[in-house]
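Observations on the model geometry
Below, each chain spelled out in residue letters.
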Amino acid sequence: METVVKKIDPEYFQDIELQKACQILQTGGLVAFPTETVYGLGGNALSAEASDKIYHAKGRPSDNPLIVHIADMEDLYDVALSVNKKTLELAKAFWPGPLTMIFPKKENVPLSTTGGLNTVAVRMPSHPVARALIRCSKVYIAAPSANRSGRPSPTRAEHVIEDMDGRIDMILDGGPVGIGIESTIIDMTEEIPVILRPGYITEDMVKGVIGSVLTDPAIVAVSPDKNIVAKAPGMKYRHYAPRGQMTIVEGDLAAVTEKINVLVKEQEKEQKKTAVIATEESKERYNCSRVYSIGSRKSEGSIAAGLYDILRQMDAIGAEYIYAESFAEDTLGQAIMNRMLKAAGYHRIKV
Ligand code: TXA
Ligand code: MG
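Presented here is an overview of the structure given in this document.

Cut-offs applied
Residues numbered from 1 in each chain as written. Chains lettered and ligands numbered in written order. Predicted model: local features only at pLDDT ≥ 70, side-chain atom pairs only at ≥ 80, totals over all residues. Heavy atoms only, no water. Helix = DSSP H or I, 4+ residues; strand = E, 2+ residues; numbered from the N terminus. Rg over C-alpha atoms; globule rule 2.2 N^0.38 Å. Buried < 20%, exposed > 50% of the residue type's maximum accessible area, 1.4 Å probe, protein only. Contact = heavy atoms within 4.5 Å. Salt bridge = Lys/Arg side-chain N within 4 Å of Asp/Glu carboxyl O. Pairing = 2+ DSSP bridges. Axes fitted to C-alpha atoms, helices over the stretch in contact; angles between N-to-C directions. Parallel < 35°, antiparallel > 145°, perpendicular 65-115°, else oblique. Left-handed = near helix turned anticlockwise from the far one by under 90°. Nonpolar A, V, L, I, M, F, W, Y, C, P; charged D, E, K, R; others polar. Polar contact = N/O pair within 3.5 Å; in protein donor to acceptor, adjacent residues only side chain to side chain.

On to the overall build of the protein chain. Summing up its helical and strand segments, the protein chain has 11 helices and 16 strands in all. For 351 residues, the compact-globule estimate of 2.2 N^0.38 gives 20 Å, and the C-alpha radius of gyration of the protein chain, at 20 Å, lies within 12% of that figure. Across its three principal axes, the protein chain shows a C-alpha extent of roughly 60 × 45 × 35 Å. By the burial criterion, 56% of the 351 residues in the protein chain qualify as buried. In the protein chain, once contacts between residues fewer than 6 apart in sequence are set aside, the share between residues at least 24 apart is 69%.

Here's what the structure looks like:
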């Protein structure tokens, strides 16, 4: 299949530019599109055949449910069976935006979209291209991140092309996304809602709106615990992983730098291709020819936005051993470390 790549300027575009994409969605095809978090791989959420195509294109296990993207509040009532007061409060505070909420599903949402579950995950993205696409196509869009299963989520159209060229009908290239890590997922079917995946909307932000919220213990675990089963099926898979072996080194920054320099030297002696994931503040301190700055410690947002691109670059250069600095696990740092620990297969050392 030939994949058409179409550039769209998110600041300035007309709906007519989305006409072909809308037609593809309406006729059961797949279109990758930018959202404010990561690029999504979209298909008609109410069509079992379109969902099956998404799983196939991604190479994703079919028990891992998709997120249904909507553009307007009334859309929610078409797919969610019950909507409570807390949901309305969270929607008012964070929609459109990087928050996904889980509800009991309505009959019309096929089980193949929800990975066989009786619940459905719904998100109203804020990205202008995503919103226009949902509205013009009049299709609720089921969209996982537009990466091949196991690869880091795409934060630029180039990443989507790498993974999906020849596998889907169209890619809308809206340039790099703003946030760079996937939405926060919160299960609204529980009496006290539970965060199943950390993201840009933090636990404290949610608490500020609805008072109490819990976090799935599988998220805060320091390593995968066989006794703790993640409630979001997707959280159990080894995601975001570069092919090389990644190690996160934690501690005082001076000690971390020193330790990483020792580890790099050891591996290079063995002729291994090593790389360091550093920050703007520390990148000059390493004795390694492959030092990558993920962003600035002065801005957690820049770290989140740079993370997946750096992980992809590790594969592009064929890094065999990757040493990364760590980040404080508060606010956005919790989401950043959650993704980095998965990338490292929970391999971390403290100095
Ligand atoms: O930011 C995002 O959420 C991006 C953009 C494209 O919107 N999408 C995304 O989708 O990250 P995906 O498929 O890569 O991740 C969806 C996650 C998976 O971990 C999945 O298991 C979980 O959401 N999920 C979906 N429906 C669920 C449900 N009914 N119950 C529990 N977890 C669910
Ligand atoms: Mg994903």
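From this point, the narrative continues.
This brings us to the environment of Arg312. With respect to the element layout, Arg312 can be found in helix 10 (residues 300-316). On a C-alpha basis, the gap between Arg312 and Pro152 in space is 6.8 Å, while along the polypeptide they are 160 residues apart. Discounting residues that sit within four places of it in the chain, Arg312 has contacts with Asn147, Arg151, Pro152, Ser153, Pro154, His159, Glu162 and Asp163.

In this section: the pattern of salt bridges. Per the stated rule, a full pass over the model turns up 18 salt bridges. As a salt-bridge pair, Lys7 and Asp173 come within 3.1 Å of each other at their nearest N and O atoms. Taken together, the residues Lys7 in strand 1 (residues 4-7) and Asp173 in strand 8 (residues 170-173) connect sequence positions 166 residues apart. The exposed category is assigned to Lys7, whose relative accessible area is 63%. Taking the relative accessible area as the measure of exposure, Asp173 reaches 9% and is therefore buried. Of the charged contacts in the structure, one is a salt bridge between Arg135 and Asp72, with a shortest N-O distance of 2.7 Å. Of this pair, Arg135 sits in helix 5 (residues 128-137) while Asp72 sits in the loop between strand 4 (67-69) and helix 3 (73-79), and the two are 63 residues apart along the sequence. By relative accessible area, which is 41% here, Arg135 ends up partly exposed. Counted as one network, the salt bridges with shared partners bring together Arg151, Glu162, Asp163, Arg243, Arg312 and Asp315.

Once that is clear, we can look at the sheet that holds strand 3 (residues 40-44). Read from one edge of the open sheet, 11 strands run 1-8-2-3-7-4-6-5-9-10-11, paired in mixed fashion. With one partner strand each, in any of the chains shown, strand 1 and strand 11 (214-215) form the two edges of the open sheet. Bridge count between strand 9 (residues 184-187) and strand 10 (residues 194-197): three bridges; the pairing is antiparallel. Bridge pairing in strand 10 places Ile186 opposite Ile195.

As a further point, take the side chain of Thr155. Among the structural elements, Thr155 can be located in the loop between strand 7 (141-142) and helix 6 (157-164). Look at Thr155 and you get buried, because its relative accessible area is 3%. Not counting residues within four places of it along the chain, the set of residues in contact with Thr155 comprises Val38, Tyr39, Gly175, Pro176, Val177, Gly180, Tyr308 and Asp309.

Turning our eyes to something else, we now look at the packing of helix 10 against helix 11 (residues 331-343). Packing of helix 10 against helix 11 brings their axes to within 9 Å, and their N-to-C directions diverge by 15°. Between helix 10 and helix 11, the interaxial angle falls into the category roughly parallel. By crossing handedness, the relation of helix 10 to helix 11 is classed as left-handed. Residues Glu300, Gly301, Ile303, Ala304, Leu307, Tyr308 and Leu311 of helix 10 form the contact with helix 11, whose participating residues are Thr331, Leu332, Gly333, Ile336, Arg339, Met340 and Ala343. Residue composition of the contact of helix 10 with helix 11, by class: nine nonpolar, three polar and two charged.

The next point concerns the side chain of Ser296. The topology assignment puts Ser296 in the loop between strand 14 (291-293) and helix 10. A polar contact is formed between the side chain of Ser296 and the side chain of Glu281, at a distance of 2.7 Å. Ser296 has contacts with Glu280, Glu281, Ser302 and Ile303, leaving out every residue within four places of it along the chain.

With that settled, the discussion passes to helix 5. A large share of helix 5 lies buried, amounting to seven of its 10 residues. Within helix 5, the full set of buried residues consists of Val129, Ala130, Arg131, Ala132, Leu133, Ile134 and Ser137. Of the residues trailing helix 5, Lys138 is marked for its positive phi of about 55°.

Okay, the environment of Leu88 next. Note that Leu88 resides in helix 4 (residues 85-94). Sequence separation between Leu88 and Asn44 is 44 residues, and the spatial gap between their C-alpha atoms is 25 Å. Leaving out residues up to four positions away in the same chain, Leu88 has contacts with Met73, Tyr77 and Val83.

With parallel pairing, the five strands of this open sheet are ordered in space as 14-13-15-12-16. The open sheet has two edge strands, strand 14 and strand 16 (348-350), and neither has a second partner. Put simply, the sheet's adjacent strands are angled 25° from each other on average, direction ignored. The pairing of strand 12 (residues 245-250) with strand 15 (residues 321-325) spans five bridges and is classified as parallel. Paired with Met246 across the two strands is Ile322, which belongs to strand 15. Against the sheet, helix 9 (residues 253-269) contacts strand 12, strand 13 (274-278), strand 15 and strand 16, and its axis sits at roughly 175° relative to strand 15. Sheet strands in contact with helix 11 are strand 12, strand 15 and strand 16, and its direction is about 135° off that of strand 12.

Honestly, that's just the spatial picture; any functional story needs more than this.
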